[in-house]
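Chain by chain, the residues:
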Amino acid sequence: MTERHTHAAHSDHADHSGHAHDDHASHASHAGHKGHEGHGHDHGHSHGHGGHHHGVPADHNNAFTIAVALNTIFVAIEFAYGYIANSTALMADAGHNLSDVLGLLLAWGAAVLAKRAPNARYTYGLRSTSILAALGNAMLLLLASGAIALESIHRFASPPAVAGMTVTLVALAGIAVNGLSAWLFVKGSKGDLNIRGAYLHLMADAAVSLGVVVAGVAMLLTGWYWLDPVISLVIVIVIVIGTWGLLRESVQLALNAVPANIESDAIAAYLRRQPGVSDIHDLHIWGMSTTESALTVHLVMPDGYPGDAFMDKVMCELKDRFSVHHSTLQIEQGTTDHSCILHPATA
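Residues numbered from 1 in each chain as written. Predicted model: local features only at pLDDT ≥ 70, side-chain atom pairs only at ≥ 80, totals over all residues. Heavy atoms only, no water.

**Q** Help me out: how do you make sense of the nonpolar core in this one?
**A** A general feature of soluble globular proteins is that nonpolar side chains tend to end up buried together. Among the nonpolar cores identified, the biggest contains 21 residues, and I267, L271, L295, L299, L318 and L329 are the most heavily contacted of them. Among the secondary structure elements, those contributing two or more residues to this core are α12 (264-272), β1 (279-287), β2 (293-300), α13 (308-322) and β3 (326-332). Here this core takes six residues from α13, the largest share from any one element. In this structure L299 touches L271, D279, I280, F310, Q330, I331 and E332, once residues within four positions along its chain are discounted. In terms of nonpolar packing, the next biggest core, distinct from the first, is built from 19 residues, L141, V167, A171 and A215 among them. (Core = buried A, V, L, I, M, F, W, Y, C linked by side-chain atoms within 4.5 Å. Buried < 20%, exposed > 50% of the residue type's maximum accessible area, 1.4 Å probe, protein only. Helix = DSSP H or I, 4+ residues; strand = E, 2+ residues; numbered from the N terminus. Contact = heavy atoms within 4.5 Å.)

Structure below.
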């Protein structure tokens, strides 16, 4: 079989759809062709389908279990004392803590689903649920902030008397609970947008609790009860500013944008420098999840297929240097212009 025929299956995935899909069933049907095996797999799995060729998401089950339990208990306690103390800031903090619990459950569910093995229908598995969870977490934060702001504005008209000591003590406990919970996710938040969403949720709650402490102490010393809604509004502004980056990045990933940590121009330049490559086209890079990325590209190589060693080298470089975890490379000799495939008519 010629090299052009070897890549016919890839053309269906990469050229016609604009993205190459990791179709394991299609790969398995071509397992007898050694030339094809080098194209669809990372270096460690170039010649077999028994293993999974994506990085396994980190296990944060213990962190989620502890954080969900602590925050659920604290929500009930804080809301009760907020009602007793007549503090909108304390009740708002409890409401925000409830959104934390929902956000943690959302992120936890996505982390579990991300480990599900691919199947014939979901050929990438359910990795992208982590993107949806990050987006949902950002939206929950903004909704909670809006609710806090609305209640605070209503309180301005007639600020009620607030039990400052109760507010201060409960809010101090909130700082401890949310600070500990956030600490459990510090390490994971650096490389996983889904975990970062959970981490930011918890840090935002710690900031809310700190603001409530400030308001409680100030009201104890001055009797200025209007400080309660004022501090609540300041906290809302801080949360929205901190959440905006998470919302923007999760929306971009949901729209298959190039992940923020990947430089597409640098990857294109690297591929063009490879020996035997005269041109590249149809370069697509997107996030499969909040931790993994994928790439498809057509390499124009007039001399034909360069061999498995070349393919393995390029895919390893893409992974190690550019954080592309799954790459699909299609070799073309440049004998046609592919006009009907590469530039389909638009309605």
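And the narrative resumes.
**Q** For this particular structure, what's the right way to read the packing of helix α8 (residues 164-183) against helix α10 (residues 193-222)?
**A** When two helices pack together, their arrangement is given by the angle between their axes and by how far apart the axes lie. Axis separation between α8 and α10 bottoms out at 8 Å; the angle between their running directions is 160°. With respect to α10, the element α8 is oriented roughly antiparallel. Read as a crossing pair, α8 and α10 show a hand that is left-handed. Along its contact with α8, which presents G164, M165, V167, T168, A171, L172, G174, I175, N178, G179, S181 and A182, the element α10 presents Y199, L202, M203, D205, A206, S209, L210, V212, V213, G216, V217 and L220. When its residues are assigned to classes, the contact of α8 with α10 shows 15 nonpolar, eight polar and one charged. (Axes fitted to C-alpha atoms, helices over the stretch in contact; angles between N-to-C directions. Parallel < 35°, antiparallel > 145°, perpendicular 65-115°, else oblique. Left-handed = near helix turned anticlockwise from the far one by under 90°. Nonpolar A, V, L, I, M, F, W, Y, C, P; charged D, E, K, R; others polar.)

**Q** Can you walk me through unusual backbone geometry in this structure?
**A** Residues other than glycine predominantly adopt negative phi, and peptide bonds predominantly adopt the trans conformation. Backbone geometry at N256 places phi at a positive 65°, although glycine is not the residue there. With respect to the element layout, N256 can be found in the loop between α11 (227-254) and α12. Assessed through its relative accessible area of 36%, N256 is described here as partly exposed. Even without being glycine, D282 reaches a positive phi, approximately 50°. Structurally, D282 is set in strand β1. Here D282 falls in the buried class, since its relative accessible area comes to 19%.

**Q** Mind showing me how you'd approach α8 here?
**A** Note: α-helices contain 3.6 residues per turn, so residues at a spacing of three or four share the same orientation. With 20 residues, α8 extends 28 Å between its outermost C-alpha atoms, agreeing within 8% with the 28 Å of an ideal straight helix rising 1.5 Å per residue. Those residues of α8 lying buried are G164, V167, T168, V170, A171, G174, V177, N178, S181 and A182. (Expected span 1.5 Å × (residues − 1).)

**Q** Got a minute to help me understand the pairing of β2 in this structure?
**A** Put simply, side chains in a regular strand alternate between the two faces of the sheet. Most of β2 sits out of view: eight of its eight residues are buried. What you see with β2 is no split at all: S293, L295, V297 and L299 on one side and A294, T296, H298 and V300 on the other are buried throughout. Alignment of β1 against β2, held across seven bridges, turns out to be antiparallel. When the sheet's bridge partners are listed, H284 is paired in β2 with T296. Between the end of β1 and the start of β2, which pair antiparallel, lie five residues. One ladder, built from seven bridges, connects β2 with β3; its direction is parallel. From the neighbouring strand, V297 faces β3, where its bridge partner is L329. What joins β2 to β3 is α13, and the crossover it makes is right-handed. (Pairing = 2+ DSSP bridges. Right-handed = clockwise from strand over helix to strand, strands pointing away.)

**Q** How should I be thinking about the confidence of the model for the chain in this particular structure?
**A** Detailed conclusions should not be drawn from predicted coordinates in areas where pLDDT is low. Mean pLDDT over the chain: 76, with 78% of residues reaching 70 or higher. Per-element mean pLDDT across the chain ranges from 37 in helix α3 (residues 24-29) up to 95 in α12. Counting interchain partners and residues more than four positions distant, the pLDDT-below-50 stretch residues 1-57 has 122 contacts. (pLDDT = per-residue confidence, 0-100.)

**Q** I would appreciate a short explanation of the environment of V177 in the present structure.
**A** Within the secondary structure, V177 is located in helix α8. Here V177 falls in the buried class, since its relative accessible area comes to 15%. When the C-alpha atoms of V177 and I73 are compared, they prove to be 9.9 Å apart, with 104 residues separating the residues in sequence.

**Q** Honestly, the pattern of salt bridges in this entry has me stumped. Any pointers?
**A** Opposite charge on two side chains allows them to pair when their charged atoms are near. Going through the model one piece at a time under the given rule, you end up with three salt bridges. With a closest N to O distance of 2.9 Å, R127 and E292 form a salt bridge. Residue R127 is located in the loop between α6 (88-113) and α7 (129-156), and its partner E292 is located in the loop between β1 and β2; the two are separated by 165 residues in the primary sequence. (Salt bridge = Lys/Arg side-chain N within 4 Å of Asp/Glu carboxyl O.)

**Q** Which parts of the structure should I look at to understand the packing of aromatic side chains?
**A** Within a pair of aromatic rings, the relevant descriptors are the distance that separates the centres and the angle that separates the planes. Here the structure, examined in full by the defined rule, presents four aromatic pairs. On the numbers, 5.7 Å between centres and 20° between planes, the contact of W224 with W226 is stacked. Judged by its relative accessible area of 40%, W226 falls in the partly exposed class. Ring pairing ties together the aromatic residues F64, W108 and F185, which thus form one cluster. (Phe/Tyr/Trp six-rings, centres within 6.5 Å; stacked < 30°, edge-to-face > 60°.)

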